[in-house]
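# Topology and contacts: notes
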Amino acid sequence: MNVVRGDANGTGLRVAIVVARFNEVVTTALLDGAVKALSHAGVADDGVTVVWVPGAFEIPAVAGRLAKTDVDAVVCLGAVIRGETAHFDLVANEAARGIADVTRTTGVPCIFEVLATEDLAQAQARAGGAHGNKGWEAAMAAIEMARLLKSMPEPAAR
């Protein structure tokens with residue numbers, strides 16, 4: 001049996017973070033957690049690129065552009081908080097679909113951490129509050145996935 005796992009060693013990795021400005025009180029906390037996690041794991045300061053976008057809907061376009069550069073992983077951070085209209089569902093769904101498409105089309109792991117919560121309190125609880133910091137978790141997942149994919153053989157041409 002072959003077992004393949006990534007690890008949490010960020011040394012030598014290049015990680016981009018795309019963070020939405022909308023709901024900035026939440027996304028700044030997510031970004032702080034992600035940056036701290038990358039540093040903790042050994043990613044050098046100059047190995048981290050942070051790109052701010054207006055909102056969660058804009059994350060996939062920038063993640064796609066970054067995935068075509070020399071990054072090993074992209075962390076996507078945002079916060080969509082339910083309001084009175086269906087806008088919440090549209091933005092959250094399209095952000096998720098777009099980020100997943102970038103991973104599938106480029107082979108670069110793009111970690112989805114766009115919080116979709118009922119209210120600000122729930123978002124804050126996941127951005128350094130009672131539920132931890134999902135930005136930290138996303139950064140660690142990015143490192144693990146980058147290491148995992150690097151350890152696997154390239155797919156054969158068909």
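The coordinates are above.
Report on the accompanying structure. Just so we're clear, the structure is a prediction, and the values are computed from it rather than from any experiment.

## Regarding the overall build of the chain
Assigned secondary structure in the chain consists of 5 helices and 6 strands. Written out in order from the N terminus, the α and β elements of the chain read β-α-β-α-β-α-β-α-β-β-α. Rg of the C-alpha trace for the chain: 15 Å, near the compact-globule value of 15 Å for 158 residues, within the 12% margin. Counting over 158 residues, the chain shows a buried share of 42%. Long-range pairs, those at least 24 residues apart, make up 80% of the contacts in the chain with a sequence separation of at least 6. Here the chain has roughly 8700 Å² of accessible surface; of this, 54% comes from carbon and sulfur atoms. Side-chain charges of the chain comprise 14 positive and 18 negative groups, with the mean position of each set lying 5 Å from the other.

## Let's talk about unusual backbone geometry
Leaving glycine out, the prevailing phi sign among residues is negative, and the prevailing peptide bond configuration is trans. Phi is positive for Asn-23, which is not a glycine, with a value near 60 degrees. As for its placement among the helices and strands, Asn-23 is situated in the loop between strand S1 (15-20) and helix H1 (24-40).

## Here's the deal with the pattern of salt bridges
One pass over the full model with this rule turns up 11 salt bridges. The shortest N-O distance in the salt bridge between Arg-147 and Asp-7 comes to 3.9 Å. Of this pair, Arg-147 sits in helix H5 (residues 134-151) while Asp-7 sits in the segment before S1, placing them 140 residues apart in sequence.

## Considerations on the nonpolar core
Across soluble globular proteins, nonpolar side chains have a tendency to be buried as a group. One finds Ile-17, Val-26, Leu-38, Val-75, Leu-77 and Ile-143 to be the most contacted residues of the largest nonpolar core, which totals 26 residues. Elements with a minimum of two residues in this core: S1, H1, strand S3 (73-81), strand S4 (110-117) and H5. In contact with Ile-143, not counting residues within four places along its chain, are Asp-7, Ala-8, Asn-9, Gly-10, Leu-13, Leu-38, Ala-41 and Val-43. In terms of nonpolar packing, the next biggest core, distinct from the first, is built from 21 residues, Ala-16, Ala-20, Leu-66 and Val-80 among them.

## Focus: the packing of helix H2 (residues 59-67) against helix H3 (residues 87-106)
Viewed as axis vectors pointing N to C, H2 and H3 meet at an angle of 15 degrees, and their least axial separation amounts to 8 Å. Taken together, the axes of H2 and H3 are roughly parallel relative to one another. Pair H2 / H3 crosses with right-handed handedness. Contact with H2, carried on its side by Ile-59, Pro-60, Ala-63, Gly-64 and Ala-67, involves Glu-94, Ala-95, Gly-98, Ile-99, Val-102 and Thr-106 of H3 and no other residues of that element.

## Some details on the sheet that holds S4
Strand pairing in a sheet is mediated by backbone hydrogen bonds. Such pairs are either parallel or antiparallel. Strand order in this open sheet of 4 strands is S2-S1-S3-S4, and the pairing throughout is parallel. Since the sheet does not close on itself, it has two edges, and those belong to strand S2 (48-53) and S4, each with one partner. Direction aside, the axes of adjacent strands within the sheet are offset by 15 degrees on average. Across the face of the sheet, H1 comes into contact with S1, S2, S3 and S4 while running at roughly 170 degrees to S1.

Definitions and limits used
- Residues numbered from 1 in each chain as written.
- Predicted model: local features only at pLDDT ≥ 70, side-chain atom pairs only at ≥ 80, totals over all residues.
- Heavy atoms only, no water.
- Helix = DSSP H or I, 4+ residues; strand = E, 2+ residues; numbered from the N terminus.
- Rg over C-alpha atoms; globule rule 2.2 N^0.38 Å.
- Buried < 20%, exposed > 50% of the residue type's maximum accessible area, 1.4 Å probe, protein only.
- Contact = heavy atoms within 4.5 Å.
- Areas by Shrake-Rupley, 256 points an atom, 1.4 Å probe, with all protein chains shown as cover.
- Lys, Arg positive; Asp, Glu negative; His and termini not counted.
- Charge placed at Lys NZ, Arg CZ, Asp CG, Glu CD.
- Salt bridge = Lys/Arg side-chain N within 4 Å of Asp/Glu carboxyl O.
- Core = buried A, V, L, I, M, F, W, Y, C linked by side-chain atoms within 4.5 Å.
- Axes fitted to C-alpha atoms, helices over the stretch in contact; angles between N-to-C directions.
- Parallel < 35°, antiparallel > 145°, perpendicular 65-115°, else oblique.
- Left-handed = near helix turned anticlockwise from the far one by under 90°.
- Pairing = 2+ DSSP bridges.

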